Amino acid sequence: MADINIPPPTNATSILAGASLRAGLSRLAKATAPPVVAVLLALLAGAVLLAVTGFYAFDIFTVMVNGVFQDVGSIAEMLLRATPLILIGIGLCVAFRCSIWNIGAEGQFYAGSCAATFCGVQFAGLPSWAHILLILVAGAAAGALWAAIAGLLKVLFNASEIVTTIMLNYIAIFMTSYLVTGPLMESGAAYPQSAKLLREVWLPRVVPSTRLHIGILIAVALAMIIYVFLFRSSAGYAVRIVGINSHAARYAGISVRRSILLAISISGSMAGLAGAMQIAGVTHRLYQDISPGYGFEAIAVALLANNNPVGAIFSGILFAVLDSGSELMQINAQVPQVLVFIIQGMVILSVVGFAALKFQSARPQE
Amino acid sequence: MDHILTLGFLATTLGATWRLATPIIFASVGEVISERAGVLNIGLEGTMLIGAFTGFATVYATGNLPLGFLAAGAAGALAGLLFAFFAITIKANQIIVGAALNLLGLGLTSFLFRTYLVQTGQGVQIVPAMDVPLLSQIPYFGTPLFRQNVVVYSTILVALGAYFLLFRTSFGLTLRAVGEHPKAVDVGGRSVALYRYAAVLIGCSLAGLGGAYLTLAHANQFVEGMTSGRGFIALAVVVFARWSPIGAFFVSLLFGMFYALQLQLQAEPSIHIPYQVLQAMPYLATIVALLLVRNRTDTPATLGVPYRKV
C-alpha cells in the first residue's frame, strides 16, 4: 500500500502558473482515475449480478440515485450515514499507512458506543456542553483503548493484529449484549436496550427538520487534521515510514513500537468517536446491534481513498450513497440489501488490482 | 453442579468437541498448506460461507449429499482461484484481497440465499451418524465419541493426508521450498506461481468443505454469516500449531472444546455466568493462544510476500 509520489520532472516551462496548474490537474486526474474506474467496475459487477438474477439493473440504479438525491431530507439522511464511515475511514487511513491491519474498527465502534452510553446516562447535572464533550471524549478513549489492546499484543508478543482485532470485535459485541441485558438495561424495558439519553446531551442538529447532526462537520474537520498529521508532522512521517519499511525506520532511529501504538490508537479513537456520535446523535440509546457493519465498510472507504484522509471524505459519502440507495432498492424492488457487501468487495479488489498493476509498470524493465 | 464432574458430562463434552472442531480442522489444515507455500489467506471465513451455501443449495436441489460436498469443495477452489489471481498473478496485498474475499463471500451467499432459498425455509437431510465397530461399545465414551457422522471421522484422514502431502512427497517438498526460498525454486526451473496456485486451491477447497460440514452435517440449514468467525479462528490455529497439519488437528480440538464447554455451560441452570461471557470464550481463548506462541521461528520465511522475479 506504500504510495511513494515521485514528482514529475521539472523543466523551464513548469514554473509558469498555467503549466503548473495543468500539471496539478493532471496529477489530480491521475490520482482520482483509478478509484473512479474501480467504483464503475464494481457497479458493473453488481449490475451483472442483478441482471443474471432477474432484476432490471438499470432501473434499479436510477431509482437508487434519484431516491438518495430526492430532497434535502434524503440527502441529510445520506450524510448521516456517511458520518461514521468518514470518521472510521480516516482513522483506518492512519493504521493502514502504518501497515497495521486493523480489522477491528467494528469492535472499537461498539466499545465507544458503550462508554458513551455509560457517560450519557450518568453524570446528570453537568452543563449540557460539558456533558456532550465528556460523552464524545469517553467514546474516543474507549475506542482507542480497545484498539490499543491489539496494538500492545502486537508490539509485546508479536501477535497478529489481524486475528486479535477480529477476536476483539466478537468480544465487544458480546460485551454490548451483556450491558444492554444487564447493567445498562433500561428498567422495565421489554427489549434489551439502555435508557434513553436526556435531550440536553443530544448532539445539536445542523439542518432543521432532519436528523443530520454536527458530527458530519466534526468528521470533515478531523479528516483535515489527520491529513496534516500524516503528511505534515514528524510523528505522521514516522508512522508512514514504519508502514513502508519498519527495518529502515528502526535504523533511522524511529521507535517502531511507538508508531504502531500511536497509529492503532488513533484509528481506534476515530471508531470509538463514531460510536459515541451514533449514540448521542442518532439512536440516543444503546442497542445490541448498534452498528450495521460500519467498521468493515470503512475498510473499503479507506482503501478506495488510497489511505488519504481527505479522499476518505469523498469515498465515505460514496459508500453512504450506496447504502441509502440499497435500502431504497430493498423497499422498492425487493433487491436484497446485502448487495452492497458484494459491491464493497469488488471495489476493494479493483482498487488493489490497480495499485498492484501500477506498481509493476513503475518497476524498471530488466 | 456436581454432575459437571461426572464421566458422562466429560464424554459428552469430548464428543461435542470433535464435532465442533471439524469445520475448524478443515479450514486450518487447508490454511497450513497455503501458508507453507507463502500465501496468507485471511479470506477463509468468506470461503467457508461459499462452501456452506453451495453445499446446501446443491443438496437442496438434488438431494445428493456427496455431490453437495463435491460442489462445496469446487466452489471453495473457485474462490481460491479468484484469491490466487489477485494475490499471486497480480501480486496485490494478500491481506486486502483476503478481506475482499470475506466481504464477497458474505455478500454473495446472503444475496443468493435471500433471492432464491429464504422462502423455502426447508432444511436438508444431513449426513447420518455412524457407529464405529467396537469403539462405540466403550462404556461412557463409546457413544458420544464414536457415533458421529463420517465427516467428523474424516478429519483424521485430512490431517494425515496433508502431513503426507507436505512432508512425504516431492510435491510437498517443493511447495515448502516455495514458502521458504522461492528464488531457489525459480532458479531450479520450477514455477513458483504454479505451486502457490496449487496450495491456495487445495487450501480453499478444504475451507469450502469445512463450510459444507456446517450446513450438511451439523445444522441442516443455511444461515447468513453462519461461520461466525470460525475462519478467523482457523488463522490463529495455524499459528498456534506452528504450521503443522497434525498440530492444527489438535489445536482445533482445543478450540472445539471451548465451543463445546460454552454450549454445555449455557444449558446448565446451576451456573450463573452471563451467557455472553460464555459466548466470548472461544474468541478470548484465541487471543490467549496467540500470546503463548512467542517464538515464531517456524513461520514460513516469505509468508504474505508476493514473489517477484528480478
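Residues numbered from 1 in each chain as written. Chains lettered and ligands numbered in written order. Predicted model: local features only at pLDDT ≥ 70, side-chain atom pairs only at ≥ 80, totals over all residues. Heavy atoms only, no water.

Asker: Help me understand a nonpolar patch on the surface in this model?
Answerer: A surface patch of nonpolar side chains, amounting to about 440 Å² of accessible area, comprises Val37(A), Leu41(A), Leu44(A), Val48(A) and Val52(A). By the secondary structure assignment, Leu41(A) is in helix H1 (residues 17–52). (Patch = residues over 30% accessible without salt bridge, like charges linked within 9 Å, V, L, I, M, F, W, Y side chains within 5 Å. Areas by Shrake-Rupley, 256 points an atom, 1.4 Å probe, with all protein chains shown as cover. Salt bridge = Lys/Arg side-chain N within 4 Å of Asp/Glu carboxyl O. Helix = DSSP H or I, 4+ residues; strand = E, 2+ residues; numbered from the N terminus.)

Asker: What is the right way to look at the interface of chain B and chain A in this model?
Answerer: Interface size is commonly expressed as the accessible area that is lost once the parts come together. Across the contact, 47 residues belong to chain B and 47 residues belong to chain A. Taking both partners together, chain B and chain A bury about 4,000 Å²; carbon and sulfur atoms supply 79% of that area. The largest contributions to the chain B side of the interface with chain A come from Ile96(B), Leu103(B) and Phe111(B), which together make up 17% of the buried area. If you look at where chain B meets chain A, you find 0 salt bridges. (Contact = heavy atoms within 4.5 Å. Buried area = accessible area lost by both parts, 1.4 Å probe.)

Asker: When you look at the packing of aromatic side chains in this model, what are you seeing that I'm missing?
Answerer: Under the defined criterion, the tally for this structure stands at 13 aromatic pairs over all chains. Pairwise contacts between aromatic rings join Tyr170(A), Phe174(A) and Tyr283(B) into one cluster. (Phe/Tyr/Trp six-rings, centres within 6.5 Å; stacked < 30°, edge-to-face > 60°.)

Asker: Explanation requested: the environment of Ser28(B) in the structure shown.
Answerer: Residue and element names in this part refer to chain B. Positionally, Ser 28 belongs in helix H1 (residues 7–36). A sequence separation of 215 residues divides Ser 28 from Trp 243, and the C-alpha atoms of the two residues are 9.2 Å apart. The contacts of Ser 28, once residues within four sequence positions are left out, are Ala 234, Val 237, Val 238, Ala 248 and Ser 252. Among the polar contacts made by the side chain of Ser 28, one reaches the side chain of Ser 252 at a distance of 3.1 Å. (Polar contact = N/O pair within 3.5 Å; in protein donor to acceptor, adjacent residues only side chain to side chain.)

Asker: Is there a simple way to explain the state of the cysteines in this structure?
Answerer: Two cysteines joined by a covalent bond between their sulfur atoms form a disulfide. All names here are of chain A. Throughout the structure, instances matching the rule amount to 0 disulfides over all chains. Here Cys 119 stays free of any disulfide, with the sulfur of Cys 114 as its closest cysteine sulfur at 11 Å. For Cys 119, a relative accessible area of 9% translates into the label buried. (Disulfide = S-S within 2.5 Å. Buried < 20%, exposed > 50% of the residue type's maximum accessible area, 1.4 Å probe, protein only.)

Asker: Please explain the nonpolar core as it appears in this structure.
Answerer: Where a protein is soluble and globular, its nonpolar side chains tend to be buried together. Ranked by internal contacts, the top residues of the largest apolar core, which has 223 residues, are Leu87(A), Ile88(A), Ile90(A), Leu339(A) and Phe111(B). Those residues in contact with Ile90(A) that sit more than four places away from it in its chain are Ala219(A), Leu222(A), Ala223(A), Ile226(A), Met270(A), Pro309(A) and Ala312(A). (Core = buried A, V, L, I, M, F, W, Y, C linked by side-chain atoms within 4.5 Å.)

Asker: How do you make sense of unusual backbone geometry when you look at a structure like this?
Answerer: Across the chain, the bulk of peptide bonds are trans and the bulk of non-glycine residues have phi less than zero. All names here are of chain A. Although it is not a glycine, His 284 adopts a positive phi angle of roughly 60°. Mapped onto the secondary structure, His 284 falls in the loop between helix H10 (256–283) and helix H11 (294–304). Its identity is not glycine, yet Asn 306 carries a phi of approximately 55°, on the positive side. Structurally, the position occupied by Asn 306 is in the loop between H11 and helix H12 (309–333).

Asker: So what exactly am I meant to see when it comes to the side chain of Glu106(A) here?
Answerer: Here Glu106(A) shows up in helix H4 (residues 105–121). Buried and unpaired, Glu106(A) has Arg81(A) as its nearest opposite-charge partner, separated by 12 Å. (Lys, Arg positive; Asp, Glu negative; His and termini not counted.)

Asker: I would appreciate a short explanation of the environment of Ala124(A) in the present structure.
Answerer: All names here are of chain A. With respect to the helices, strands and loops of the structure, Ala 124 is situated in the loop between H4 and helix H5 (128–157). For Ala 124, a relative accessible area of 67% puts it in the exposed group. Separated by 91 residues in sequence, Ala 124 and Ala 33 place their C-alpha atoms 51 Å apart.

Asker: When you look at the packing of H1(B) against helix H11 (residues 245–266) of chain B in this model, what are you seeing that I'm missing?
Answerer: Between two packed helices, both the angle of their axes relative to each other and the distance between the axes serve to describe the pair. Residue and element names in this part refer to chain B. At their nearest, the axes of H1 and H11 sit 6 Å apart, and the two run at 135° to each other. By the angle between their directions, the pair H1 and H11 is classed as oblique. Handedness of the H1/H11 crossing: right-handed. Tallied by class, residues from the contact of H1 with H11 come to 19 nonpolar, 7 polar and no charged. (Axes fitted to C-alpha atoms, helices over the stretch in contact; angles between N-to-C directions. Parallel < 35°, antiparallel > 145°, perpendicular 65-115°, else oblique. Left-handed = near helix turned anticlockwise from the far one by under 90°. Nonpolar A, V, L, I, M, F, W, Y, C, P; charged D, E, K, R; others polar.)

Asker: Sorry, what's going on with the side chain of Thr164(A) here?
Answerer: As for its position among the elements, Thr164(A) is in helix H6 (residues 161–181). The class for Thr164(A) is buried, based on a relative accessible area of 0%. Thr164(A) has contacts with Ala150(A), Leu153(A), Ala159(A), Ile287(B) and Leu290(B), leaving out every residue within four places of it along the chain.

Asker: Looking at this structure, I do not really get the packing of helix H6 (residues 150–168) of chain B against helix H9 (residues 192–218) of chain B. What am I missing?
Answerer: All names here are of chain B. Running from amino to carboxyl end, H6 crosses H9 at an angle of 175°, the nearest separation of the two axes being 12 Å. Taken together, the axes of H6 and H9 are roughly antiparallel relative to one another. Here Val 151, Val 152, Val 158 and Leu 165 of H6 lie close against H9, whose contacting residues are Ile 202, Leu 206, Tyr 213 and Ala 217. Class assignment of the residues belonging to the contact of H6 with H9 gives a composition of 8 nonpolar, no polar and no charged.

Asker: What is the right way to look at helix H12 (residues 275–292) of chain B in this model?
Answerer: For an α-helix, the turn length of 3.6 residues means that residues three or four places apart are oriented alike. With 18 residues, H12(B) should reach 26 Å at 1.5 Å per residue; the first-to-last C-alpha distance of 26 Å fits that figure. At Met281(B), H12(B) is bent by approximately 45°, the largest bend along its length, and proline Pro282(B) sits one to four residues beyond. Within the sequence span of H12(B), burial applies to Gln276(B), Leu278(B), Ala280(B), Pro282(B), Tyr283(B), Ala285(B), Thr286(B), Ile287(B), Ala289(B), Leu290(B) and Leu291(B). Against H5 and H6 of chain A together with helix H10 (230–240) and H11 of chain B lie the buried residues of H12(B). (Expected span 1.5 Å × (residues − 1). Bend = angle between axes of the 7 residues up to and from the residue.)

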